[in-house]
Amino acid sequence: MQSETPKKIFSSLLVIILDVNPAQDTLLSGEIKLSSILSSVVAFANSHLMLRTHNKVAVLASDPNSCDFIYSDQDELDFKKKTVSSCKMAGSQYELFSHIDRSIKFNIVKFLKDAAEEPHMSRDTVFGASCAKALCYINRLQSNLFPGETMNSRILIISGCDNEGDKYIRCMNTFFTAQKQNVAIDVCSLTHDVTLLKQACYITEGSYFRMPKLEGLLLYLQWIFLTEPSSRKKLVIPLAPQLDFRPFCFCHGTLTAIGFVCSLCLTIYCKISPICTTCEAVFKVRSAIAVKPKKKKIKTTNNNHFS
């Protein structure tokens, strides 16, 4: 008898990076509350799990000082250890969805309490560290796959910050690492157009979308980011915005077209600097050598007459 070939198992892993920086304009203005954003994220995560049986989801909270998972595979394992009778159901809601809702809301409160103890709060969120942590999480799950199991992984960033060149080199390193691991980075910007995140979507072949209105966040998430990046070409979704390919300078954090680049660490400066602030390399600045002007030769005319 021929042995049956094992069935291939296809799964999709979605890591959501939620920006909970209290200095966001969306939260400061009171146009939308964090609880409303969190409810849309939970509903979107549940929609992703409903697409396929083996789909997985993880949620990571990020602020200017730290980032941490508020839902991961460990929470899913804790749910599987419990019996169905011990799980409290919210009405007719599926037990796993109810567990995700409770876990995210409980962990986000704990994360915000720890973040409130930080003395300094900036307007810039650590996107580079968040993406790096998400990539490490994806790499760990992919290394633990069973034979015959394949998993597509992607990252979705939901943010309302307008930071541009903060820790530019760290962010770009994580973006190129995601490109090498075939991990697409999607971005849903709530208010501002962030050039740095646009470059992340372009490098990793993800989708970038800026919310025209804060109402209907769940609708936009399901419309654009619920499907895989390979299947979005068949859907009618908004076109990618125009991308500014100019890099950010490290001295002022502004976009620059012509600048100075360190030959060791590739740090970019808009003005010349004798010492690199990143790798502390010392450059020899050559002064311009004054060139003496050449004397013009006076042409003499031969006026000799022969008699």
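Above this text you will find the structure in question.
Residues numbered from 1 in each chain as written. Predicted model: local features only at pLDDT ≥ 70, side-chain atom pairs only at ≥ 80, totals over all residues. Heavy atoms only, no water.

**Some points on the overall build of the chain**
Thinking step 1. Along the backbone of the chain there are 8 helices and 8 strands.
Thinking step 2. Taking contacts inside the chain between residues at least 6 apart in sequence as the whole, the part at least 24 apart equals 66%.
Thinking step 3. On the chain, roughly 19100 Å² of surface is accessible, and the fraction owed to carbon and sulfur atoms is 57%. (Helix = DSSP H or I, 4+ residues; strand = E, 2+ residues; numbered from the N terminus. Contact = heavy atoms within 4.5 Å. Areas by Shrake-Rupley, 256 points an atom, 1.4 Å probe, with all protein chains shown as cover.)

**Considerations on the pattern of salt bridges**
A pair can form between side chains of opposite charge whenever their charged atoms are brought close.
Thinking step 1. Enumeration according to the criterion identifies 8 salt bridges in this entry.
Thinking step 2. A salt bridge links Arg154 to Asp186; the shortest N-O distance between them is 3.7 Å. With Arg154 in strand S4 (residues 149-159) and Asp186 in strand S5 (residues 184-189), this pair connects stretches of sequence that are 32 residues apart.
Thinking step 3. By relative accessible area, which is 0% here, Asp186 ends up buried.
Thinking step 4. Note that Arg154 is salt-bridged to Glu228, the shortest N-O span being 3.8 Å. Taken as a pair, Arg154 in strand S4 and Glu228 in the loop between helix H8 (217-224) and strand S7 (260-261) lie far apart in primary sequence, 74 residues in all. Neither residue differs from the other here; Arg154 and Glu228 are each classed as buried. (Salt bridge = Lys/Arg side-chain N within 4 Å of Asp/Glu carboxyl O. Buried < 20%, exposed > 50% of the residue type's maximum accessible area, 1.4 Å probe, protein only.)

**A word on the side chain of Asp19**
Thinking step 1. You can see Asp19 is positioned in strand S1 (residues 9-19).
Thinking step 2. Polar contacts involving the side chain of Asp19 include one to the main-chain amide nitrogen of Asn21, which spans 3.1 Å.
Thinking step 3. In this view, Asp19 contacts Gln24, Ser62, Thr125, Phe127, Ile158, Ser159, Gly160 and Cys161; residues no more than four positions away in its chain are not counted. (Polar contact = N/O pair within 3.5 Å; in protein donor to acceptor, adjacent residues only side chain to side chain.)

**Here's the deal with the packing of helix H2 (residues 34-51) against helix H4 (residues 95-116)**
Thinking step 1. The contact between H2 and H4 brings their axes to 10 Å, and the two run at 145 degrees. Judged by the sense of rotation from one axis to the other, the crossing of H2 with H4 is right-handed. On the side of H2, the interface is formed by Leu34, Leu38, Val42, Asn46, Leu49 and Met50, while H4 contributes Leu96, Phe97, Ile100, Asp101, Ile104, Lys105, Ile108 and Leu112.
Thinking step 2. For the contact of H2 with H4, the per-class residue count stands at 11 nonpolar, 1 polar and 2 charged. (Axes fitted to C-alpha atoms, helices over the stretch in contact; angles between N-to-C directions. Left-handed = near helix turned anticlockwise from the far one by under 90°. Nonpolar A, V, L, I, M, F, W, Y, C, P; charged D, E, K, R; others polar.)

**Concerning the sheet that holds S5**
Thinking step 1. Ordered in space as S3-S2-S1-S4-S5-S6, the 6 strands form an open sheet in which the pairing is mixed. The open sheet is flanked by strand S3 (67-71) and strand S6 (208-210), the only strands paired with a single partner. On average, each strand axis in the sheet is inclined to that of its neighbour by 20 degrees, with strand direction left out of account.
Thinking step 2. Note that S4 and S5 share 6 bridges and pair parallel. (Pairing = 2+ DSSP bridges.)

**Considerations on the nonpolar core**
Thinking step 1. Counting residues in each nonpolar core, the largest one holds 36 residues, and the members touching the most others are Ile16, Phe44, Ile104, Ile158, Leu221 and Phe225.
Thinking step 2. With 7 residues, the top contributor of residues to this core is H2.
Thinking step 3. Apart from residues lying up to four places away in sequence, Ile16 is in contact with Val41, Phe44, Ala45, Val57, Ala58, Val59, Leu60, Leu156 and Ile158.
Thinking step 4. Counting residues in each nonpolar core, the second largest holds 33 residues, with Leu60, Phe127, Tyr168 and Ile203 among its members. (Core = buried A, V, L, I, M, F, W, Y, C linked by side-chain atoms within 4.5 Å.)

**Focus: the side chain of Asn55**
Thinking step 1. With respect to the helices and strands, the residue Asn55 is situated in the loop between H2 and strand S2 (56-62).
Thinking step 2. Looking at Asn55, the relative accessible area reads 5%, which means it is buried.
Thinking step 3. For Asn55, the side chain forms a polar contact with the main-chain nitrogen of Ser12, separated by 3.2 Å.
Thinking step 4. With residues near it in sequence (within four places) discarded, Asn55 still touches Ser11, Ser12, His48 and Leu49.

**Quick look at unusual backbone geometry**
Thinking step 1. One non-glycine residue, Asn182, lies in positive phi territory at about 60 degrees.
Thinking step 2. Position of Asn182 relative to the elements: it lies in the loop between helix H6 (168-180) and S5.
Thinking step 3. Even without being a glycine, Glu205 presents a positive backbone phi close to 60 degrees.
Thinking step 4. For Glu205, the position within the fold is in the loop between helix H7 (195-204) and S6.

**With respect to the packing of H2 against H8**
Thinking step 1. Between H2 and H8, the least distance of the axes is 9 Å, while the angle of their chain directions is 30 degrees. Judged on the interaxial angle alone, H8 and H2 are roughly parallel. Of the two elements, H2 crosses H8, and the hand of that crossing is right-handed. Of the residues in H8, those touching H2 at Ile37, Ser40, Ala43, Phe44 and Ser47 are Leu217, Leu218, Leu221 and Gln222.
Thinking step 2. In the contact of H2 with H8, the residues fall into 6 nonpolar, 3 polar and no charged. (Parallel < 35°, antiparallel > 145°, perpendicular 65-115°, else oblique.)

**With respect to H7**
Thinking step 1. Here H7 lies mainly inside the structure; 9 of its 10 residues are buried.
Thinking step 2. Of all the residues in H7, the buried ones are Thr195, Leu196, Leu197, Lys198, Gln199, Ala200, Cys201, Ile203 and Thr204.
Thinking step 3. Contacts made by the buried residues of H7 are with helix H5 (127-143), S4, H6, S5 and S6.
Thinking step 4. Just downstream of H7 lies Glu205, where phi reads positive at about 60 degrees.

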